[in-house]
Amino acid sequence: MTEIQIRMFQIMPLGDSGVGKTTLLNRYIDDSYIPEITNTLDNLEMSSPCVLVGHKSDHKHRCVSREEAEELAKELGVSYVEASSVTGHNVKEAFETLVQQIYREKKKQEPQKQETGASRKCSHCVGLCER
Ligand SMILES: Nc1nc2c(ncn2[C@@H]2O[C@H](COP(=O)(O)OP(=O)(O)OP(=O)(O)O)[C@@H](O)[C@H]2O)c(=O)[nH]1
């Protein structure tokens, strides 16, 4: 019988107010876009694993060039993905890139541990099923 492992991760979108954290999550979770969303967060700090998302890639006018953003991602040592909650472009990829990084980190932290059967860590937001 095929063994299925379920891992649960907590993730957190970070960024200035209005960059589109809520809409990005909505697009990923519900595949929906609701443009009028009230502000939900002020500033927060957090450590890696992290993916830098160049959001609103559908926008006609860029605030930051791809080169600048890629340079920043390199400095920070994180992956860079350009995405849009309006069109859904690369939204899935952004979250999957993050989950892959989390998974790699966990593997590094637990190199000896062989898990069998279902394993459950903490709840919220994203679950990854491996076959
Ligand atoms: N063009 C474009 N606009 C977007 C996109 N995503 C969000 N927006 C716009 O940006 C606004 C802010 O989006 P939110 O998701 O509320 O931003 P937030 O980062 O959660 O904001 P806070 O709650 O203040 O932290 C939305 O009302 C949309 O008008 C996108 O992919 N493309």
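Residues numbered from 1 in each chain as written. Predicted model: local features only at pLDDT ≥ 70, side-chain atom pairs only at ≥ 80, totals over all residues. Heavy atoms only, no water.

Chemist: I keep staring at the nonpolar core and nothing clicks. Help me out?
Modeler: Nonpolar side chains tend to gather and get buried jointly when the protein is soluble and globular. Counting 13 residues, the largest nonpolar core has Ile 11, Leu 24, Val 91, Phe 95, Leu 98 and Ile 102 as the members making the most contacts within it. Apart from residues lying up to four places away in sequence, Val 91 is in contact with Leu 24, Arg 27, Tyr 28, Ala 83, Ser 84 and Ser 85. (Core = buried A, V, L, I, M, F, W, Y, C linked by side-chain atoms within 4.5 Å. Buried < 20%, exposed > 50% of the residue type's maximum accessible area, 1.4 Å probe, protein only. Contact = heavy atoms within 4.5 Å.)

Chemist: Got a minute to help me understand the packing of helix H1 (residues 21–30) against helix H3 (residues 91–109) in this structure?
Modeler: When two helices pack together, their arrangement is given by the angle between the helix axes and the distance between those axes. Between H1 and H3, the shortest axis-to-axis distance is 9 Å and the interhelical angle comes to 95 degrees. Viewed along their axes, H1 and H3 adopt a mutual orientation that is roughly perpendicular. Taken together, the residues of H3 that come into contact with H1 (itself represented by Leu 24, Leu 25, Arg 27 and Tyr 28) are Val 91, Lys 92, Phe 95 and Glu 96. Considered class by class, the residues forming the contact of H1 with H3 number five nonpolar, no polar and three charged. (Axes fitted to C-alpha atoms, helices over the stretch in contact; angles between N-to-C directions. Helix = DSSP H or I, 4+ residues; strand = E, 2+ residues; numbered from the N terminus. Parallel < 35°, antiparallel > 145°, perpendicular 65-115°, else oblique. Nonpolar A, V, L, I, M, F, W, Y, C, P; charged D, E, K, R; others polar.)

Chemist: I would appreciate a short explanation of the packing of aromatic side chains in the present structure.
Modeler: Each pair of aromatic rings is reported with the distance of its centres and the angle of its planes. Under the definition given, this model contains one aromatic pair. Plain terms: the ring middles of Tyr 28 and Phe 95 are 4.1 Å apart, the flat faces sit at 10 degrees to each other, and that makes the pair stacked. Linking Tyr 28 in helix H1 with Phe 95 in helix H3, this pair joins segments that are 67 residues apart in sequence. The partly exposed category is assigned to Tyr 28, whose relative accessible area is 25%. (Phe/Tyr/Trp six-rings, centres within 6.5 Å; stacked < 30°, edge-to-face > 60°.)

Chemist: It is not clear to me how the environment of Val 51 should be interpreted in this structure. Could you clarify?
Modeler: Considering the arrangement of structural elements, one finds Val 51 in strand S2 (residues 51–54). Along the primary structure Val 51 and Ala 83 are separated by 32 residues, whereas in three dimensions their C-alpha atoms are 12 Å apart. What Val 51 contacts, discounting residues up to four positions off in sequence, is Ser 79, Val 81, Ala 94, Thr 97, Leu 98 and Gln 101.

Chemist: Explanation requested: the side chain of Gln 101 in the structure shown.
Modeler: As for its placement among the helices and strands, Gln 101 is situated in helix H3. By relative accessible area, Gln 101 is classed as buried at 14%. Only 2.7 Å separates the side chain of Gln 101 from the side chain of Ser 79, close enough to count as a polar contact. Apart from residues lying up to four places away in sequence, Gln 101 is in contact with Pro 49, Cys 50, Val 51 and Ser 79. (Polar contact = N/O pair within 3.5 Å; in protein donor to acceptor, adjacent residues only side chain to side chain.)

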